[in-house]
Amino acid sequence: MFTGLVQTIGLIERRDRDRLVIHCPDIVAKIAIGDSVAVNGVCLTATKISDSNFVADVSPETLGRTYLGDRKLKYVNLEMALAVGDRIGGHFVSGHIDGMGKLIEKAIVGNSWELSFDAEPAIARYIVFKGSIAINGISLTISYCNESGSNFRVAVIPHTYDNTTLKYLEIGSSVHLEGDLLGKYVEKFLKSSHIASTNLSTPTITPSFLTEHGW
C-alpha cells in the first residue's frame, strides 16, 4: 500500500525482457530485498540491491497492462510502501493500476500547472469531480471531469511538478492511472446480487438506500 507521495525520481539504467534496473541513490539504502516499491504507480518487488540501484522483476502481465516496457521511458516516480504509523498525506494507493491515460493539454495557470488527460473506459468510471486519482503514482485531485470521466484535469503545484516525472510529460504521453479504492468497493456493493439472494437481514445497498441513510 502506498500514499501517492513520490519520494524520488529514478532512472532506468537497464531494461531486460523481464526486469528493470533502476538507479535511485537517494532511497536505495532504505530498500530491502522483497520490499514493494511503486514504480510510476506500479507495485514491483525489489529482487536485488546495490549501492545505487535496485532490480525489479516484471511479469508479462505487468508489461501488457503498463508502459514499463517502453524503451523511451527513462525516468520513473518512486515510492516505498507505507509503513505502520506513517502519515498519509495523499490517499490510499494500491499500486495496481486500473487503466491508461494520455496527456492532451498542458498549461501554466498562475504559478501552477493544469494538465488534462483522456482516460480509458476501465478507469473513467472512477473519475469524479474533486475525487482522488493516482497519475504515474502521484496522488492528485481532479479539478474537472466530463460526465463519463473519460476526460479530466488536475491542478499541479510547482513542488509536485518539479519533483516528479510530470515535468517530462509531452502532449500524447501515456500515463498509468489508478482510481480511488473507495469508489471500487462502492461500485461492487451496488452491483452485488448476492446480498439480496441471501436470507440475511442486511438490506440491499442501492442509491436510494444510501440517500436515505445520509450518504
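Higher on the page you've got the structure.
Predicted model, so just to flag it, every value in this text is computed and none were measured. (Residues numbered from 1 in each chain as written. Predicted model: local features only at pLDDT ≥ 70, side-chain atom pairs only at ≥ 80, totals over all residues. Heavy atoms only, no water.)

Colleague: So what's going on with the overall build of the protein? Which residues, and what values?
Modeller: The helix and strand inventory of the protein stands at six helices and 12 strands. The C-alpha radius of gyration of the protein comes to 19 Å, within 12% of the 17 Å expected for a compact globule of 215 residues. With the C-alpha coordinates aligned to their principal axes, the bounding extent of the protein is approximately 60 × 45 × 35 Å. A separation threshold of at least 6 residues defines the contact pool for the protein, and within that pool the share at least 24 residues apart is 66%. Accessible surface for the protein amounts to roughly 12,000 Å². Of this, 54% is attributable to carbon and sulfur atoms. (Helix = DSSP H or I, 4+ residues; strand = E, 2+ residues; numbered from the N terminus. Rg over C-alpha atoms; globule rule 2.2 N^0.38 Å. Contact = heavy atoms within 4.5 Å. Areas by Shrake-Rupley, 256 points an atom, 1.4 Å probe, with all protein chains shown as cover.)

Colleague: Give a detailed account of the pairing of strand β3 (residues 36–39), specifying residues and quantitative values.
Modeller: Regular strands place their side chains on alternate faces of the sheet. Both β3 and strand β4 (residues 42–49) contribute to a ladder of four bridges, which runs antiparallel. The partner of V37 across the bridge, within β4, is L44. Hairpin geometry of β3 and β4 is characterised by an intervening segment of two residues between the two adjacent antiparallel strands and by a positive phi of about 50° at N40. (Pairing = 2+ DSSP bridges.)

Colleague: Please give an account of the layout of surface pockets that cites residues and values.
Modeller: Each pocket or cavity is described by its volume, and for the largest pocket that value is around 410 Å³. As for the largest pocket, its lining consists of 15 residues, of which Y67, K72, L73, Y168 and S173 are closest to the centre. For the lining of the largest pocket, a count of residues per class yields six nonpolar, five polar and four charged. (1 Å grid on protein atoms, 1.4 Å probe; cavity = no way out; pocket = protein on both sides within 12 Å on 5 of 7 lines; lining within 4 Å. Points joined across faces, edges and corners; volume = space filled by probe spheres on them. Nonpolar A, V, L, I, M, F, W, Y, C, P; charged D, E, K, R; others polar.)

Colleague: Could you give me a rundown of the environment of H159, with the residues and numbers involved?
Modeller: Among the structural elements, H159 can be located in helix α3 (residues 158–162). Given a relative accessible area of 55%, H159 falls into the exposed group. Spatially, the C-alpha atom of H159 lies 9.2 Å from that of S112, the residues being 47 residues apart in sequence. (Buried < 20%, exposed > 50% of the residue type's maximum accessible area, 1.4 Å probe, protein only.)

Colleague: Report on the pattern of salt bridges, specifying residues and quantitative values.
Modeller: This structure, assessed with the given rule, holds six salt bridges. E61 is the partner of R65 in a salt bridge, and the nearest nitrogen-oxygen pair spans 2.4 Å. Separated by four residues within a single helix, R65 and E61 lie in helix α1 (residues 60–65), roughly one turn from each other. For R65, a relative accessible area of 57% translates into the label exposed. A salt bridge links R125 to E187; the nearest nitrogen and oxygen atoms lie 2.7 Å apart. Within this pair, whereas R125 is found in the loop between α2 (121–124) and β9 (132–135), its partner E187 is found in helix α4 (residues 181–191), the two being separated by 62 residues in sequence. A single network of salt bridges, built from pairs that share partners, joins R14, D16 and R19. (Salt bridge = Lys/Arg side-chain N within 4 Å of Asp/Glu carboxyl O.)

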